[in-house]
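One letter stands for each residue in the lines below.
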Amino acid sequence: MTALDADRLRTELVTSTGYTALNVVASTGSTNADLIETARTGAADRTVLIAEEQTAGVGRLARTWVSPAGAGLYLSVLLRPAEVPPEATGSLAIVAGLALTDLCDDLGVGATLKWPNDVLVGNGKLAGVLAELVPQRAVVLGIGLNITPLGDVEPGPGGLAATSLAEHGARTTDRTEIAATLLRAFAERERAWRAAHGDLEQAGLLADYRGVCGTLGRTVTVSLPQGETHTGTAVDVDDVGRLTIEDDNGQRTTVLAGDVIHLR
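Quantities reported herein were computed from a predicted structural model and do not represent experimental measurements. (Residues numbered from 1 in each chain as written. Predicted model: local features only at pLDDT ≥ 70, side-chain atom pairs only at ≥ 80, totals over all residues. Heavy atoms only, no water.)

Counting buried positions along strand β3 (residues 72-79) gives 8 out of 8 residues, so the element sits mostly inside the fold. Here β3 shows no split at all, with G72, Y74, S76 and L78 on one side and L73, L75, V77 and L79 on the other all buried. (Buried < 20%, exposed > 50% of the residue type's maximum accessible area, 1.4 Å probe, protein only. Helix = DSSP H or I, 4+ residues; strand = E, 2+ residues; numbered from the N terminus.)

Structure follows, in structure tokens:
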């Protein structure tokens, strides 16, 4: 395993791309949890934390994200998007998903997005995104990306097995290069999102998302946080990232957050 080159990342990314600080740690429980704590003590907008491994990484609904040393990229970005109303910050996971597909394009890997926060290659899960609101008008965005095979990992919801960039012929598995490429792509996408006050269409991001979202056109089951379940065809995503599904009777339901399973 080659360690991440923190000095190179700081040289390439801090200031020139808008990031204000970037730190790499050998191990932590969760980069999101760490940045949430630093947000409470006044850490700056666009602060980045990357870990070589996470011992308590989590995804949506507090699910475990397997984060072994050297096998992936585990990072979080603290954002203070004062221009974006709190109700529009939910679309930030879509912004991160687009940055991940930009990265995959650069690496020669054909990826799609599963609403709201997963990156898929074929029937495997390559990456996940978790955005968490912090009371101090901040959002902490976490990304977990598998670069080399993880070994024996239990499939996620809907039977999605873990997969990695290396298993799909990525042109490089150099984690420093991958981190730099991803963070540059995210900075560009996030600037447009912020300038448009979180409106994906005004930011020019909605058409891109619809083009790479593998959920659209599929029959899906969506489980909502309060326990309600809807099954139907995913027909659209709107300008703040909400998914619209249509049941067999033509009744449409729009959901802001939920657990989606693509039905075969």
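A separate point is the pairing of strand β5 (residues 118-121). Residues of β5 alternate between two faces, with D118 and L120 on one and V119 and V121 on the opposite face, all of them buried. Note: strand β4 (residues 112-114) against β5, 3 bridges, orientation antiparallel. From the neighbouring strand, K114 faces β5, where its bridge partner is D118. The antiparallel hairpin formed by β4 and β5 contains 3 residues in its connecting segment. In the sheet, β5 pairs with strand β6 (residues 124-134) via 4 bridges, with the strands oriented antiparallel. In the strand pairing of β6, D118 is matched with G128. From the end of β5 to the start of β6, which pair antiparallel, there are 2 residues, and G122 there has a positive phi angle of about 60°. (Pairing = 2+ DSSP bridges.)

To continue, consider the sheet that holds strand β13 (residues 259-262). Strand order in the open sheet formed by 5 strands is β12-β11-β10-β9-β13, and the pairing between neighbours is antiparallel. The outermost strands of the open sheet, each flanked by one partner alone, are β12 (252-255) and β13. Across the sheet, the mean angle separating the axes of adjacent strands is 45° when strand polarity is ignored. Pairing of strand β9 (residues 219-223) with β13 involves 4 bridges; the strand directions are antiparallel. Bridged to V220 within β13 is H262. (Axes fitted to C-alpha atoms, helices over the stretch in contact; angles between N-to-C directions.)

The next point concerns unusual backbone geometry. Between W115 and P116 the backbone carries a cis peptide bond, its omega angle lying at 0°. Positive phi outside glycine occurs at R46, with the angle close to 65°. With respect to the secondary-structure elements, R46 resides in the loop between α2 (31-40) and β2 (47-51). Judged by relative accessible area, which is 17%, R46 ranks as buried. One non-glycine residue, H197, lies in positive phi territory at about 60°. Here H197 is to be found in the loop between α4 (175-195) and α5 (206-212).

Across the interface, helix α1 (residues 6-13) lies against α4 with an axial gap of 10 Å and an inter-helix angle of 25°. Put simply, α1 runs roughly parallel to α4. Seen from above, α1 lies across α4 with right-handed handedness. Across from R8, L9, E12 and L13 in α1, the residues of α4 making contact are T176, E177, A179, A180, L183 and R184. (Parallel < 35°, antiparallel > 145°, perpendicular 65-115°, else oblique. Left-handed = near helix turned anticlockwise from the far one by under 90°. Contact = heavy atoms within 4.5 Å.)

The values are spatial; any link to function lies outside them.
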